[in-house]
Amino acid sequence: MVLEKELLPYLTWLLTGSGSQLGALPRFLITALVLSFLALLGGFLVALVRYGPLKAGDITYRVAVNGLSELTRISPRRIWALARLAIKESMRRQVIVALVVFFLILLFAGWFIKTDYQDPAKLLFRFVLTATTYLVLLIALLVSAFSLPNDFKDKTIYTVVTKPVRAGDIVLGRILGFTIVGTLLLIIMAVCGYVFVDRSLDHTHEVEMDRLENVVDAGGKVIGKKGRTTLDAYHRHDVELDAEGNGKALSSFGHWHEIHREGDKYVVSGPIDFMRARVPYYGRLRFLDRKGIDVPRGISVGNEWTYRSFIEGGSSAAAVWTLSGINESVLSTDSEGKQVLPLELIVRVFRTYKGDIEKGIQGSIQLRNPETGLKSDVDPFTASDASIANFDIPTKLYAGGKPVDLLTDMVSKEGRLEVIVQCLNSAQYFGFAQPDCYVRLPDASPLLNYVKAQVGIWVQMVLVIAIGVASSTCVNGPVAMLFTVSFITLGFFREFFVNVALGKQVGGGPVESLVRLVTQRNLVTGIEDSFGTRLMHAVDSVLQAVMLSMAQVLPDFRAFSTVDYVAYGFNIPANQLAQDLTVTAAYIVGLFVIGYFFLRTREVAK
């Protein structure tokens, strides 16, 4: 799973920020003050042209003072009444059709989605959560963008404004009503989606009796059996049984099964561990080159996506993670009741030659004390591309053939431990990023994790509703919808937008990129110095400043999505949900104020 940015603790993120980045609260206050000043200045300039300086100042002052006064006198009872009106309006517009479309998608999805994929849970969860996201956001967009414009068009707004309601009550009532409708739709879709995934993954196997072989100890005593299961759901499992006939079908396709004996038969349970919520404890990554020298990154293998870098096989190149805070609290107990350090390693394999594609690439893992330099004996493993290798590191290890203790000898006094991973096959490569190696803490609840993912979708839905309602207060329905779609689209590509504004994007600013496109120049070739080039760069500087200002108010929709967490089986941090909910609340406040003042400009709302 890709984690581009490390999550800050909530209070650090909210108040102080990190490095040169201000905390979320100071940035919100600064942005609000700047936008308020620009709004007042713009209103004053319009009034100045129409009425002259004295009356313009008076109008601007009265709008600001009266507006702030009215915003403090909103009524929860009036807001709830208008919210119920918005709910009834949504039902009349048959938003229930979204559920019918969702049911049809799930009904026919089984025709096209097969569980022969190596990790079918990942595919199914991604499909269900993505379909839910798009449908919910589409309904939120349609009901919020067209509601008020249709009321103005049909004159039904007059039945509302003749009552003792304020513009702020109307805006908040619409946002609340549409949010309730969207929440109900989301809950139904979430339940149906979970049932669909659970039923699609549910299966069992039978033990192939004729392939069972006895397992004997050194004295010739039968201590168990081994074999395999039948081929079901496009896969089979290796089987390990004890002397009583109980055991398990080993992990395959991202799950395993329990087996117990009933008379002459072996009963295989349903799948276990399809739905996971790993809680990772990450370390810091650095690389060693083929000579064993520290380097900031590994080798580039020509992949355009540079998230992971690679280490060369058959050399001294290595990926080294430094784990901190290693003590008894992060240890777990294995199936035999022994204490182990549970490590997991996500491996990406790049092959310079295919060979036997079914055969994995050999690698090794080794522990080192960063203070004393003591290294444990090498532990070899076999890796396939995009696989997760599990290592239960025992507390009793060997270093140079001598027994050592994990916590006493391998972990430094500060609680640090280094994990060294190498690729053993020459001309083959392992690719890693910082989150690819971690200590696996006790898993969280998969069902609760699925609920958290729905909260991430809910956050996006509320933002779309707030943007749609705010924009619909001053323009007609189609324009409000286009504005909201543009806002969402820029939000999904906010990082690219910011990189262009900061000049980090290859190819220059907007005008320079257009020139390169028209003249068919590549992105890195310099453009000869001339008056036209200097003018182009000057215009780009202005446009980039405007873009950077716009980026400060764009919601990062991509950051709100938690689909990958559930699809890859990782727990969604509560810290991320807290940050997302805080950002959503800030946008609602800002969009509510904007919507209020826009609605006040309409004659019917005065």
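For every chain, the first residue of the written sequence is number 1, and numbering continues from 1 onward in sequence order. Side-chain atom pairs in this predicted model are given and counted only at pLDDT of 80 or more, local residue features only at pLDDT of at least 70, and totals for whole chains, interfaces and linings cover all residues. The basis for the side-chain values is all heavy atoms of the structure; hydrogens and waters are excluded.

Caption draft 1: Main features of the packing of helix H3 (residues 53-71) against helix H17 (residues 574-600). Axis angles are defined between N-to-C directions and span 0 to 180 degrees, where every axis is a line fitted to C-alpha atoms and, for a helix, only to the segment in contact. Secondary structure elements follow DSSP: runs of H or I no shorter than four residues count as helices, runs of E no shorter than two count as strands, and numbering proceeds from the N terminus. Where H3 contacts H17, the axes come no closer than 11 Å and their chain directions differ by 120°. In terms of orientation, H3 lies oblique with respect to H17. For H3 against H17, the interelement crossing comes out right-handed. Contacts between H3 and H17 pair Val-63, Asn-66, Gly-67, Glu-70 and Leu-71 from the former with Phe-592, Val-593, Tyr-596, Phe-597 and Arg-600 from the latter. As a working rule, the residues Ala, Val, Leu, Ile, Met, Phe, Trp, Tyr, Cys and Pro are called nonpolar, Asp, Glu, Lys and Arg charged, and the rest polar, with Gly in that last group. Looking at side-chain class alone, the contact of H3 with H17 contains six nonpolar, two polar and two charged residues. Working definition: roughly parallel below 35 degrees, roughly antiparallel above 145 degrees, roughly perpendicular at 65 to 115 degrees, and oblique for all remaining angles. Crossing handedness follows the turn of the near helix against the far one: under a right angle anticlockwise gives a left-handed crossing, and clockwise gives a right-handed one. Here, two residues are considered to be in contact whenever any of their heavy atoms come within 4.5 Å of each other.

Caption draft 2: Quick peek at H17. Helix span, expected: 1.5 Å multiplied by one less than the number of residues in the helix. An ideal rise of 1.5 Å per residue puts 39 Å on 27 residues; H17 measures up with 39 Å between its terminal C-alpha atoms. Listed as buried for H17 are Asn-575, Gln-576, Leu-577, Gln-579, Asp-580, Thr-584, Tyr-587, Leu-591, Phe-592, Gly-595, Tyr-596 and Leu-599. We call a residue buried when its accessible area falls under 20% of the maximum for its residue type, exposed when it is over 50%, and partly exposed in between, using a 1.4 Å probe and counting protein chains only.

Caption draft 3: Just the packing of helix H8 (residues 167-201) against H17, in detail. Axis separation between H8 and H17 bottoms out at 9 Å; the angle between their running directions is 130°. With respect to H17, the element H8 is oriented oblique. Between H8 and H17 lies a crossing of right-handed hand. Taking contact as the criterion, the partners of Ala-167, Gly-168, Ile-170, Val-171 and Leu-172 in H8 are, on H17, Phe-592, Gly-595, Tyr-596, Leu-599 and Arg-600. In terms of residue class, the contact of H8 with H17 is made up of seven nonpolar, two polar and one charged.

Caption draft 4: Molecular detail of the environment of Val-404. Following the sequence through the fold, Val-404 ends up in strand E18 (residues 402-405). Overall, the relative accessible area of 12% leaves Val-404 in the buried class. Put simply, Val-404 and Ala-453 are 49 residues apart on the chain and 43 Å apart in space, counted from C-alpha to C-alpha. Setting aside chain neighbours within four positions, we find Val-404 in contact with Leu-374, Thr-395, Lys-396, Leu-397, Tyr-398, Ala-399, Asp-409 and Met-410.

Caption draft 5: Quick look at unusual backbone geometry. Look at Asp-273: it is not a glycine, yet its phi comes out positive at around 80°. Summarising the element assignment, Asp-273 is placed in the loop between strand E6 (265-268) and strand E7 (279-282). Judged by relative accessible area, which is 35%, Asp-273 ranks as partly exposed. The backbone of Ala-427 sits at a positive phi, close to 65°, despite the residue not being glycine. One can find Ala-427 in the loop between strand E19 (417-423) and strand E20 (428-432).

Caption draft 6: Main features of the sheet that holds strand E4 (residues 247-252). A pair of strands is treated as paired once DSSP finds two or more bridges between them. Read from one edge of the open sheet, six strands run E1-E2-E3-E4-E5-E6, paired in antiparallel fashion. Bordering the open sheet on either side are strand E1 (213-216) and E6, each of which pairs with just one other strand. Each neighbouring strand pair of the sheet contributes to a mean axis angle of 25°, computed without reference to strand direction. Summarising the sheet, E1 and strand E2 (residues 222-228) pair through four bridges and their orientation is antiparallel. Paired with Asn-214 across the two strands is Lys-225, which belongs to E2.

Caption draft 7: Expanded view of the packing of aromatic side chains. Between the rings of Phe, Tyr and Trp (Trp by its six-membered ring), a pair exists once the centres lie within 6.5 Å; its type follows the angle of the planes, with under 30 degrees stacked, over 60 edge-to-face, and the other angles tilted. By the definition in use, this model includes 16 aromatic pairs. Geometrically, the ring pair formed by Phe-125 and Tyr-450 is tilted, given 6.0 Å between the ring centres and 50° between the ring planes. You can see Phe-125 sitting in helix H6 (residues 120-154) and its partner Tyr-450 sitting in helix H10 (residues 446-472), a full 325 residues away along the chain. Aromatic side chains Phe-557 and Phe-560 sit 6.2 Å apart centroid to centroid with 90° between the ring planes, which places their arrangement in the edge-to-face category. Taken as a pair, Phe-557 and Phe-560 lie in helix H15 (residues 557-560) at a separation of three residues, close to a single helical turn. You'll find Phe-557 and Phe-560 in the same group, each marked buried. Grouped by ring-pair contacts, the aromatic residues Trp-321, Phe-381, Phe-391, Phe-430 and Phe-432 constitute a single cluster. The cationic tip of Lys-248 hangs over the ring face of Trp-256; the distance from NZ or CZ to the ring centre is 5.0 Å. Should the NZ of a Lys or the CZ of an Arg lie within 6 Å of a ring centre and within 35 degrees of the ring normal, that charge is described as sitting over the ring.

Caption draft 8: Structural detail: the side chain of Thr-60. Checked against the element boundaries, Thr-60 lands in helix H3. The exposure class assigned to Thr-60 is buried, which follows from its relative accessible area of 17%. Pairing of N or O atoms within 3.5 Å defines a polar contact, subject to two protein rules: one partner must be a possible hydrogen donor and the other a possible acceptor, and residues neighboring in sequence count only if both atoms are side-chain atoms. Separated by 2.8 Å, the side chain of Thr-60 and the backbone oxygen of Ala-56 make a polar contact. The contacts of Thr-60, once residues within four sequence positions are left out, are Leu-40, Gly-43 and Phe-44.

Caption draft 9: Region of the structure containing the side chain of Glu-89. Note on placement: Glu-89 falls in helix H4 (residues 76-92). In this structure the side chain of Glu-89 is engaged in a polar contact, spanning 2.8 Å, whose partner is the side chain of Ser-147. Contacts of Glu-89, omitting those with residues within four sequence positions, involve Ser-147, Asp-151, Arg-174 and Phe-178.

Caption draft 10: Just the sheet that holds strand E14 (residues 361-368), in detail. The sheet built from six strands is open, its strands ordered E9-E8-E11-E19-E14-E15 with antiparallel pairing. If you trace the sheet from one side to the other, it starts and ends with strand E9 (294-295) and strand E15 (379-383), each paired once. In this structure, strand E8 (residues 284-288) lies alongside E9, joined through two bridges in antiparallel fashion. The residue of E9 that forms the bridge with Phe-287 is Val-295.

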